[in-house]
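Commentary on secondary and tertiary structure
Chain residues, written in single-letter form:
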Amino acid sequence: MELEQVAERLNARFPGVVKSVEKEHAGDPFLVIDPPRIADLALFLRDDPEFRFEWLMCLSGVDYPPEAIAVVYHLYSQTHGETLVLKVLLDR
């Protein structure tokens, strides 16, 4: 499934949860997620049969001085053989 399609489906289920789709950066493309909703979204992505992202492959922090930090989630669906990267941007 294309990243834009994932974003559309997630925003249909959780309106406004995906803030942007980022594909032009170095590294893996990712979705920027609304911070207060990450826990509910992660549970949905794990449990929904369409997604089944049951593995958290990597959880990391990124420093964007001086204004922001980010938490990055690399998810894997063993069921579908797909990966998904989520990023939550936070003010300092």
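See above for the structure.
A brief look at the structure comes next. (Residues numbered from 1 in each chain as written. Predicted model: local features only at pLDDT ≥ 70, side-chain atom pairs only at ≥ 80, totals over all residues. Heavy atoms only, no water.)

Moving on, we come to the layout of surface pockets. Looking at the largest pocket, its volume works out to about 290 Å³. Looking at the largest pocket, it is lined by 16 residues, and the ones nearest its centre are Met1, Val6, Glu82, Thr83 and Leu84. Elements with a contribution of two residues or more to the lining of the largest pocket: helix 1 (3-13) and strand 5 (82-91). No other element matches strand 5, which puts 4 residues into the lining of the largest pocket. (1 Å grid on protein atoms, 1.4 Å probe; cavity = no way out; pocket = protein on both sides within 12 Å on 5 of 7 lines; lining within 4 Å. Points joined across faces, edges and corners; volume = space filled by probe spheres on them. Helix = DSSP H or I, 4+ residues; strand = E, 2+ residues; numbered from the N terminus.)

In this section: the sheet that holds strand 2 (residues 30-33). Pairing is mixed across the open sheet formed by 5 strands, whose spatial order is 1-2-5-4-3. Sheet topology places strand 1 (18-22) and strand 3 (55-64) at the edges, where each strand pairs with a single neighbour. Each strand of the sheet is rotated relative to its neighbour by a mean of 25°, with strand direction disregarded. Bridge count for strand 2 against strand 5 is 2 bridges, and the pairing is parallel. Each bridged residue has a counterpart across the sheet, and for Val32 the counterpart in strand 5 is Lys87. Across the face of the sheet, helix 1 comes into contact with strand 1, strand 2 and strand 5 while running at roughly 175° to strand 1. In this fold helix 2 (residues 38-47) packs onto strand 2, strand 4 (68-77) and strand 5, with an angle of close to 175° to the strand it touches most, strand 5. (Pairing = 2+ DSSP bridges. Axes fitted to C-alpha atoms, helices over the stretch in contact; angles between N-to-C directions. Contact = heavy atoms within 4.5 Å.)

The subject of this paragraph is the pattern of salt bridges. Taken as a whole, this structure holds 5 salt bridges when the rule is applied. Of the charged contacts, one joins Arg9 and Glu50 as a salt bridge, the two residues approaching to 2.0 Å between their closest N and O atoms. Taken together, the residues Arg9 in helix 1 and Glu50 in the loop between helix 2 and strand 3 connect sequence positions 41 residues apart. The class of Arg9 is partly exposed, set by a relative accessible area of 39%. A salt bridge links Asp63 to Arg92, with the shortest nitrogen-to-oxygen separation between them at 2.0 Å. With Asp63 in strand 3 and Arg92 in the segment after strand 5, this residue pair connects regions lying 29 residues apart in the sequence. The class for Asp63 is partly exposed, based on a relative accessible area of 45%. You can call Arg92 exposed: its relative accessible area is 55%. (Salt bridge = Lys/Arg side-chain N within 4 Å of Asp/Glu carboxyl O. Buried < 20%, exposed > 50% of the residue type's maximum accessible area, 1.4 Å probe, protein only.)

Interpretation note: all reported values are geometric properties and have no functional meaning in isolation.
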